[in-house]
Amino acid sequence: MIIKPKGTHDIYGKEAKKWKYIEKMFDSLMEKYNYNYIRTPIFESTELFHRSVGETTDIVSKETYDFCDRGNRNMTLRPEGTAGVVRSFIENKMYGDPNQPVKLYYNGTMYRYERPQSGRDRELTQFGVEVLGSDNPMIDAEVISIPVNLFKMLGLKGIKVRINTLGDSESRNNYREALLKHFKPYLKDLCEDCNNRYENNPLRILDCKVDKDHEALKNAPKTIDYLNDVSKKRFDDVKKYLTLLEVDYEVDPTLVRGLDYYNHTVFEIEADVEGFGSNNVLAAGGRYNGLVAMLDGPETPGIGFACGIGRLSMALDLEDVELPIDDGNEIYVMYVSDSEKEYAISLVQYLRMNGYKVETEYMSRALKGQFKQADRLDSKFLIILNDEDLKNDQLKVKNNKTKEEDLVPLDYILYYFDEKLNDEYGDFVSFEEDDDCDCGHDHEHCDGSCHHHHE
RNA sequence: GCGAAUAUGGUGAAGUGGUUAACACACCAGUUUGUGGCACUGGCAUGCGUGGGUUCGAUCCCCACUAUUCGCCCCA
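Throughout this document, residue positions are counted from 1 along each chain, in the order its sequence is written. Chain letters and ligand numbers both follow the written order, the letters beginning at A and the numbers at 1. Where totals are concerned, whole chains, interfaces and linings use all residues; where local detail is concerned, this predicted model gives features only for residues with pLDDT of at least 70, and gives and counts side-chain atom pairs only at 80 or more.

**Q** In this structure, what is going on with the overall build of chain A? I would like to understand it.
**A** Each helix corresponds to a stretch of at least 4 residues labelled H or I by DSSP, and each strand to a stretch of at least 2 residues labelled E; elements are numbered beginning at the N terminus. The helix and strand tally for chain A stands at 15 helices and 16 strands. The principal-axis extent of the C-alpha atoms belonging to chain A is close to 95 × 55 × 50 Å. Counting other C-beta atoms within 10 Å of a residue's C-beta gives its exposure: the residue is buried at 20 or more, exposed at 12 or fewer, and partly exposed in between, where C-beta atoms are placed from the backbone. Within the span of chain A, comprising 455 residues, buried residues form 33% of the whole. Summarising the internal contacts of chain A: among those between residues at least 6 apart in sequence, 68% fall at separations of at least 24. Whether two residues are in contact is decided by their C-beta atoms, placed from the backbone, lying within 7 Å.

Right, here's the structure in full:
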């Protein structure tokens with residue numbers, strides 16, 4: 001038997017419905033924020049990630065899926081979403097778009113060659129946004145508010161927003177120097193990992209799990225003290241706007257993101273839920289004002305966030321959040337004889353083409369089994385075909401809840417279901433009515449799905 | 001890259017160095033020759049992750065491998 005690659009998952013059944021729901025929710029939220037959907041390739045030139053994410057980071061040095069294509073080009077499966085979007089921004093000269101800033105959102109799979117554990121896979125799905133062209137702190141606050149609002153809409157309660165600022169490159173460098181100076185005398189007391197971090201990414205020492213209680217960490221210099229005035233003002237503005245957006249946050253001076261391209265605002269939204277594993281960051285992001293230029297584009301500010309759907313789904317599970325997913329079937333068509341079966345085939349199509357969710361029997365089950373199957377699918381109505389009724393152009397329809405049966409003339413069947421099923425949703429719209437329907441759009445913009453399905 | 005635990009049917013799982021591998025759920029069939037969801041009866045792992053070893057004999061003991069899970073590193 002061939003099995004799935006390590007660190008991958010098949011998303012199907014209930015879980016798939018959940019994902020679809022989350023993605024739909026995000027899509028419609030993005031619609032309201034007026035962001036534009038973008039799809040970029042799942043693989044890109046290896047160089048793109050080396051130059052954006054950072055040559056020295058572990059991500060690039062050992063955690064990417066690299067391959068050489070048949071034309072001998074070095075390719076990498078994208079480990080994150082930002083680099084590809086920024087590449088596209090530059091390549092398609094979106095900086096020349098009169099409509100600035102450029103606000104984009106994406107949703108797709110990412111690949112990281114890592115040892116799988118709770119909340120961490122080799123293939124993961126992330127959605128996120130990137131805003132390019134504005135350095136206004138207002139955008140920082142808005143970008144942070146998007147996942148916060150999404151989580152709120154989904155019904156997730158236990159979340160914690162942590163923010164910090166790295167300042168501009170000048171501030172960041174000063175801070176880095178200060179950290180090196182501060183930790184130098186303590187090196188022999190710190191763990192081996194911290195000694196490595198000292199060399200590679202000293203900011204990371206601050207959130208070491210082993211040495212977290214060490215005095216050297218507790219009285220380490222704070223980013224905030226190394227900000228120049230401009231950076232400080234900027235951060236104050238971001239916080240002010242977050243408050244206006246009613247986003248609860250805490251400033252965490254130890255929060256540093258791993259990638260080289262971040263500066264100024266960085267943030268993480270973590271799941272604050274009992275039972276979550278150690279990888280509890282649901283969404284994260286930050287500002288990357290130097291990245292576009294680093295990738296040969298014009299000097300352009302940018303900011304974004306990404307959110308892993310797998311972890312989000314896990315958080316929803318742990319909080320026992322029931323998403324309002326209605327996957328019940330509307331009509332189940334039952335038959336026994338061959339002539340009834342033939343009738344069923346065209347009837348099912350007729351009903352489906354008229355907007356109903358219809359199932360029928362594919363397993364040659366006895367009538368008893370068909371009833372069971374109809375129940376399993378949570379069918380609201382059953383049509384029990386019977387040669388005798390068909391001779392009289394009638395259909396026997398049974399309400400699966402009340403168990404009432406009606407003999408419905410064939411010509412009347414659409415009106416029958418229109419009344420029964422649409423009334424139940426409280427937004428009855430007759431087929432004869434040509435004017436506005438209740439979906440909120442005017443009629444020509446309505447996609448038709450609203451005539452009996454209403455969110 | 002490092003460390004730990006686990007591996008029995010469609011699912012949850014019990015179990016033993018030795019004839020037919022519990023039990024429950026799900027599913028299928030029948031009682032009921034075209035109106036079910038209850039009840040009863042019956043069916044449902046030639047097999048206990050893969051390979052090797054110990055043994056008269058292994059699902060059970062040993063070794064290796066693989067996979068899964070959790071943690072470290074790292075973290076988008």
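**Q** How do you make sense of the domain arrangement of chain A when you look at a structure like this?
**A** Where the parts come together, the accessible area they lose is often given as the size of the interface. Split by domain assignment, chain A resolves into domain 1 (13-168 + 228-318) and domain 2 (331-424). These domain boundaries are the output of an automatic or database domain assignment. The centre of domain 1, based on its C-alpha atoms, is set 48 Å off from the matching centre of domain 2.

**Q** For this particular structure, what's the right way to read the environment of Leu 179?
**A** Its place among the elements puts Leu 179 in helix H6 (residues 169-183). Spatially, the C-alpha atom of Leu 179 lies 7.1 Å from that of Ala 220, the residues being 41 residues apart in sequence. Aside from chain neighbours lying at most four places away, what touches Leu 179 is Pro 202, Leu 203, Ala 220 and Pro 221.

**Q** Any chance you could explain unusual backbone geometry here in plain terms?
**A** Leave glycine aside and you will find that most residues have negative phi; peptide bonds, for their part, are mostly trans. Each neighbour pair has its own omega, and for Gln 100 with Pro 101 the value is -5°, a cis peptide bond. Structurally, Pro 101 can be placed in the loop between helix H4 (82-91) and strand E5 (102-111). You will see that Asn 34, though not glycine, has its phi angle at about 60°, which is positive. Position of Asn 34 among the secondary structure elements: in the loop between helix H1 (13-33) and strand E1 (36-37). Taking the number of C-beta atoms within 10 Å as the measure of exposure, Asn 34 has 8 and is therefore exposed. The backbone of Asp 296 shows a phi angle near 75°, a positive value even though the residue is not glycine.

**Q** It is not clear to me how the sheet that holds strand E3 (residues 65-68) should be interpreted in this structure. Could you clarify?
**A** The strands making up a sheet are joined through hydrogen bonds of the backbone, oriented either antiparallel or parallel. If you trace the three strands from one edge of the open sheet to the other, you get E2-E4-E3, paired in antiparallel fashion. Looking along the sheet, the strands with just one partner apiece sit at the ends: strand E2 (43-45) and E3. Strand-to-strand twist of the sheet, defined as the mean angle between neighbouring strand axes without regard to direction, takes the value 35°. Strands are treated as partners if at least two bridges between them are detected by DSSP. Bridge count between E3 and strand E4 (residues 74-77): four bridges; the pairing is antiparallel. Within the sheet, the bridge partner assigned to Asp 66 lies in E4 and is Thr 76. A fitted line through C-alpha atoms represents every axis, and for helices the fit uses only the stretch in contact; the resulting angles, taken between N-to-C directions, go from 0 to 180 degrees. Most of the contacts of helix H2 (residues 46-53) go to E2, to which it runs at about 80°, and overall it touches E2, E3 and E4.

**Q** Looking at this model, I keep getting lost on the pairing of strand E11 (residues 302-308). Mind explaining?
**A** Working note: regular strand, side chains alternate between the two faces of the sheet. Among the seven residues that make up E11, seven are buried, leaving the element largely enclosed by the rest of the structure. Bridge analysis of strand E6 (residues 123-132) against E11 gives seven bridges, and the strand direction is antiparallel. Bridge pairing in E11 links Glu 130 to Gly 304.

**Q** I would appreciate a short explanation of H1 in the present structure.
**A** At 3.6 residues per turn, the α-helix brings residues three or four places apart onto the same side. Working rule for helices: expected span equals 1.5 Å times residues minus one. With 21 residues, H1 should cover 30 Å at 1.5 Å per step; its first-to-last C-alpha distance of 31 Å lies within 8% of that length. Where H1 terminates, the next one or two residues include Asn 34, which has phi positive at roughly 60°.

**Q** How do you make sense of the nonpolar core when you look at a structure like this?
**A** Side chains of a nonpolar character, in soluble globular proteins, are inclined to be buried together. The term nonpolar core means buried Ala, Val, Leu, Ile, Met, Phe, Trp, Tyr and Cys residues held together as one set by C-beta atoms within 7 Å. Val 143, Ile 144, Val 161, Leu 282 and Phe 305 are the most contacted members of the largest nonpolar core, which has 67 residues in total. No other element matches helix H5 (residues 137-154), which puts nine residues into this core. With residues near it in sequence (within four places) discarded, Val 143 still touches Val 129, Val 131, Gly 285, Ile 303, Gly 304 and Phe 305. By size, the runner-up hydrophobic cluster in this structure holds 18 residues, among which are Tyr 335, Leu 347, Leu 351 and Val 358.

**Q** What should I look at first to understand the sheet that holds strand E16 (residues 405-409) in this one?
**A** Spatially, E13-E12-E14-E15-E16 is the arrangement adopted by the five strands of the open sheet, whose pairing is mixed. Strands with a single pairing partner mark the edges of an open sheet, and in this sheet they are strand E13 (358-360) and E16. With direction set aside, neighbouring strand axes in the sheet form an average angle of 25°. Of the strands in this sheet, strand E12 (331-334) and E13 touch helix H12 (residues 338-353), which is tilted by about 165° from E13.

**Q** I would appreciate a short explanation of the pairing of E5 in the present structure.
**A** Taking burial as the measure, the 10 residues of E5 include eight buried ones, the bulk of the element. Both E1 and E5 contribute to a ladder of two bridges, which runs parallel. What sits directly across from Asn 36, in E5, is Leu 104. Note: E5 against E6, 10 bridges, orientation antiparallel. In the sheet register, Tyr 105 faces E6, and the bridge partner there is Val 129.

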